[in-house]
Amino acid sequence: LQSEVAPPEAEADTIKTDPKEAVKLFGRLAEKYIMLDASAGMCCYSACSDCEYREPGGGYRMADQSSARPKWIPCYDQRVFESQGKEHTTKWSSEIFPDAPVVTKGEFV
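First things first, this report covers the structure right here in the doc. Since this is a predicted model, take the numbers as computed values, not measurements.

A few points about the overall build of the protein
- When helices and strands are tallied, the protein shows three helices and four strands.
- Order of helices (α) and strands (β) in the protein, N terminus to C terminus: α-β-β-β-β-α-α.
- Taken across its 109 residues, the protein has 19% of its residues classed as buried.
- Of the contacts made within the protein by residues no fewer than 6 positions apart, 58% connect residues no fewer than 24 positions apart.
- Summed over its atoms, the accessible surface of the protein is roughly 8800 Å², and 53% of this surface lies on carbon and sulfur atoms.

Written out as structure tokens, the structure is:
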């Protein structure tokens, strides 16, 4: 494998963002619920000693997670686990970008 380094004149412009604006952006995109990749497994969480979905430290690889406060920005627009009867459509795909992958600043705010 080879990699090439772009010449300095090809570098993208740096975008400077006020930390308060970054927090607002996170707040608009973050969610309290996230469905993880299906490869995390579908454990029944019964503490079986030989469970293939248990971590070495005793925890589990979970299929989904929820929290009291928004803390995740899902990288998917929709995810379905038919075997568990679970489905999640992200807030950003249904509320912010319902018709197109691009919105104006006015539409976003």
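Looking at the pairing of strand β4 (residues 86-89)
- Alignment of strand β3 (residues 78-81) against β4, held across four bridges, turns out to be antiparallel. Residue pairing for β4: phenylalanine 81 is matched across the bridge by lysine 86.
- Linking β3 to β4, which pair antiparallel, is a turn of four residues; within it glycine 85 sits at a positive phi near 70°.

Quick notes on the environment of serine 66
- Looking at where serine 66 falls in the secondary structure, it is placed in strand β2 (residues 64-66).
- With 34 residues separating them along the chain, serine 66 and lysine 32 place their C-alpha atoms 5.5 Å apart.
- Contact partners of serine 66, with chain neighbours within four places excluded, come to Lys32, Tyr33 and Trp72.

What counts and how
Residues numbered from 1 in each chain as written. Predicted model: local features only at pLDDT ≥ 70, side-chain atom pairs only at ≥ 80, totals over all residues. Heavy atoms only, no water. Helix = DSSP H or I, 4+ residues; strand = E, 2+ residues; numbered from the N terminus. Buried < 20%, exposed > 50% of the residue type's maximum accessible area, 1.4 Å probe, protein only. Contact = heavy atoms within 4.5 Å. Areas by Shrake-Rupley, 256 points an atom, 1.4 Å probe, with all protein chains shown as cover. Pairing = 2+ DSSP bridges.

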